[in-house]
Amino acid sequence: MSDIRTDGPPPELLARIRRQRRHILELLAVCAVGLVPWTLLLAFTLPSGYTVRQWRTTWVGFDVLLVLAMASTAVLGWRRHRAVAVTAVATGALLVCDAWFDVSLALGTPDVWQSAALAVFVELPLAAFLIRKVLGMLALAEWPPADHLTDGDPPDRP
């Protein structure tokens, strides 16, 4: 006979998870609300054109970050480490940002078509692929039942 309990996590752990979840959701909600006026301020005050310094450093640095994210995802994937989910989502987010900046900064120039093609056929599909794979991995994870974590918080799922 086995002495392993399968009753679920202890109530103290569930209470701590519930409290942390609530605090994280509150923080994210406050940040989202705070970002709205900031975005509106930028929309009305930033110049439409701007001469920058360190253009090369900025873009090379961003691409180095993207290479490190991709390489980390590959290494963690080969090692079958669960942290691959974090690096894959980060890589996907960086690819979406790269596509956005490449296209938006090329608007009004002949380079916009090359940027758009790279975004549509390479960066965005790879980002979608990585994020879809992570969502598939999360679907396989075992989670505490929702009724253990609710305390009036909105449900995780519709």
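Let us look at the structure shown here. Just so it is clear, the model here is predicted, and its values are computed rather than measured.

## Description of the overall build of the protein
Now for step 1: What the protein contains, in helices and strands, is five helices and zero strands.
Now for step 2: Seen in sequence order, the protein has helices and strands lined up from the N terminus as α-α-α-α-α.
Now for step 3: Split into buried and exposed, the 158 residues of the protein put 19% on the buried side.
Now for step 4: Long-range contacts, defined here as pairs at least 24 residues apart, represent 70% of the contacts in the protein between residues at least 6 apart.
Now for step 5: Counting every atom, the protein has about 12,900 Å² of accessible surface; 68% of that belongs to carbon and sulfur.

## Considering the packing of helix α2 (residues 55-78) against helix α3 (residues 84-106)
Now for step 1: Across the interface, α2 lies against α3 with an axial gap of 9 Å and an inter-helix angle of 150°. Judged by the angle between their axes, α2 and α3 are roughly antiparallel. Viewed along their axes, α2 and α3 form a crossing whose handedness is left-handed. In this structure, α2 uses W55, W59, F62, D63, L65, L66, A69, M70, S72, T73, L76 and G77 to contact α3, whose residues at the interface are V84, T87, A88, T91, L94, L95, C97, D98, F101, D102 and L105.
Now for step 2: Its residues placed into classes, the contact of α2 with α3 shows 15 nonpolar, five polar and three charged.

## Remarks on the packing of aromatic side chains
Now for step 1: Summed over all chains, the structure comprises three aromatic pairs.
Now for step 2: Between W55 and W59 the ring centres are 6.0 Å apart and the planes differ by 65°, which places this aromatic pair in the edge-to-face class. Of this pair, W55 and W59 both sit in helix α2, four residues apart, roughly one helical turn.
Now for step 3: Residue W59 is classed as buried on the basis of its relative accessible area of 19%.
Now for step 4: An angle of 70° between the planes, with centres 6.5 Å apart, marks the rings of W59 and F101 as edge-to-face. Taken as a pair, W59 in helix α2 and F101 in helix α3 lie far apart in primary sequence, 42 residues in all.
Now for step 5: Counting every residue linked through ring pairs, the aromatic cluster contains W55, W59, F62 and F101.

## A short note on helix α4 (residues 112-140)
Now for step 1: When the terminal C-alpha atoms of α4 are compared, their 40 Å separation across 29 residues agrees well with the 42 Å that a helix rising 1.5 Å per residue should span.
Now for step 2: Considering bend angle alone, the principal kink of α4 is centred on A119 and spans about 45°.
Now for step 3: The set of residues buried in α4 consists of V112, S115, A119, E123, A127, L130 and V134.
Now for step 4: Where α4 is buried, its residues meet α3.

## Digging into α3
Now for step 1: Between its first and last C-alpha, α3 extends 32 Å over 23 residues, near the 33 Å set by a 1.5 Å rise per residue.
Now for step 2: Listed as buried for α3 are V84, A85, T87, A88, T91, G92, L94, L95, D98, A99, D102 and A106.
Now for step 3: Where α3 is buried, its residues meet α2 and α4.
Now for step 4: Positioned one or two residues after α3, G108 has a phi angle of 85°, which is positive.

## Topic: the nonpolar core
Now for step 1: Formed by W59, F62, L66, A69, A85, A88, L94, L95, A127, L130 and V134, the largest nonpolar core amounts to eleven residues.
Now for step 2: When sequence neighbours within four positions are dropped, the list of residues in contact with L94 reads F62, L65, L66 and A69.

## Points about the environment of W113
Now for step 1: In this fold, W113 is placed in helix α4.
Now for step 2: Considered as a pair, W113 and V103 are ten residues apart in the sequence and their alpha carbons are 8.2 Å apart.

## Some remarks on the packing of α3 against α4
Now for step 1: Their axes nearest at 8 Å, the elements α3 and α4 cross at an angle of 160°. Between α3 and α4, the angle falls in the class roughly antiparallel. As for the relative orientation of α3 and α4, their crossing is left-handed in sense.
Now for step 2: Partitioning the contact of α3 with α4 into residue classes produces 19 nonpolar, three polar and three charged.

Calculation criteria
Residues numbered from 1 in each chain as written. Predicted model: local features only at pLDDT ≥ 70, side-chain atom pairs only at ≥ 80, totals over all residues. Heavy atoms only, no water. Helix = DSSP H or I, 4+ residues; strand = E, 2+ residues; numbered from the N terminus. Buried < 20%, exposed > 50% of the residue type's maximum accessible area, 1.4 Å probe, protein only. Contact = heavy atoms within 4.5 Å. Areas by Shrake-Rupley, 256 points an atom, 1.4 Å probe, with all protein chains shown as cover. Axes fitted to C-alpha atoms, helices over the stretch in contact; angles between N-to-C directions. Parallel < 35°, antiparallel > 145°, perpendicular 65-115°, else oblique. Left-handed = near helix turned anticlockwise from the far one by under 90°. Nonpolar A, V, L, I, M, F, W, Y, C, P; charged D, E, K, R; others polar. Phe/Tyr/Trp six-rings, centres within 6.5 Å; stacked < 30°, edge-to-face > 60°. Expected span 1.5 Å × (residues − 1). Bend = angle between axes of the 7 residues up to and from the residue. Core = buried A, V, L, I, M, F, W, Y, C linked by side-chain atoms within 4.5 Å.

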